[in-house]
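Below are the chains, spelled out letter by letter.
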Amino acid sequence: MALADPVRRSIIARLSRGPATVNELAEPFEISKQAVSKHIQVLEQAELVTRTREAQRRPVHLNPARLEALTAWIDQYRLVREGQFRSLDAVLRSRAADGSE
């Protein structure tokens with residue numbers, strides 16, 4: 001559910017280029033910084049991002065290990081579906097060949 005929201009996906013995409021503060025993450029959106037903070041909290045709960053403290057700054061960092069684990073999980077289902085689509089393609093080609101003779 002953490003990546004179901006387009007704002008959170010955009011935040012992840014931005015963090016893939018390096019850490020950023022809430023202010024920096026909020027710049028491209030027409031929502032409040034408080035709303036962006038809530039999105040970050042959801043991502044933190046999913047362990048996709050972490051925050052550190054650097055003096056007065058609290059940059060948000062992408063957690064690449066967690067993202068890789070999520071990608072591996074998604075790939076399992078993608079591969080199953082691709083196999084099913086290949087099987088369906090074969091059946092449709094077979095039926096098309098039977099109908100053209």
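First things first, this report covers the structure right here in the doc. (Residues numbered from 1 in each chain as written. Predicted model: local features only at pLDDT ≥ 70, side-chain atom pairs only at ≥ 80, totals over all residues. Heavy atoms only, no water.)

### Notes on helix α1 (residues 6-15)
We count it as follows: Throughout this description, buried means an accessible area under 20% of the type-specific maximum (1.4 Å probe, protein chains only), exposed means over 50%, and partly exposed covers the range between. Elements are defined by DSSP. Helices are runs of H or I of four residues or more, strands are runs of E of two residues or more, and each kind is numbered from the N terminus. Starting at the helix axis, one direction is taken to each C-beta atom, and the arc is that of these directions. Whenever a nitrogen or oxygen atom comes within 3.5 Å of another N or O atom, the pair is scored as a polar contact, on the condition that within protein one atom can donate a hydrogen and the other can accept it, and that pairs from neighbouring residues in sequence are kept only if both atoms are in side chains.
Within α1 the residues assigned to the buried category are Val-7, Arg-8, Ile-11, Ile-12 and Leu-15. End-on view of α1: buried residues confined to an arc of 140 degrees, all on one side of the axis. Of the residues flanking the start of α1, the one acting as N-cap is Asp-5, its side-chain oxygen 2.7 Å from the backbone nitrogen of Val-7.

### Remarks on the pattern of salt bridges
The line we're drawing: A carboxyl oxygen of Asp or Glu within 4 Å of a side-chain nitrogen of Lys or Arg is what we treat as a salt bridge.
In the structure shown here, the tally under the stated rule is 4 salt bridges. A salt bridge links Arg-51 to Glu-44, with the nearest nitrogen and oxygen atoms 3.5 Å apart. By relative accessible area, which is 24% here, Arg-51 ends up partly exposed. Under the relative-accessibility criterion, Glu-44 is labelled partly exposed at 28%. For Asp-75, the salt bridge goes to Arg-78, with nearest N and O atoms at 3.2 Å. Placement of the pair is Asp-75 and Arg-78 together in helix α4 (residues 64-100), with a separation of 3 residues, close to one helical turn. The partly exposed category is assigned to Asp-75, whose relative accessible area is 28%. The exposure class assigned to Arg-78 is partly exposed, which follows from its relative accessible area of 37%. Among the charged side chains, a network of salt bridges with common partners joins Asp-75, Arg-78 and Glu-82.

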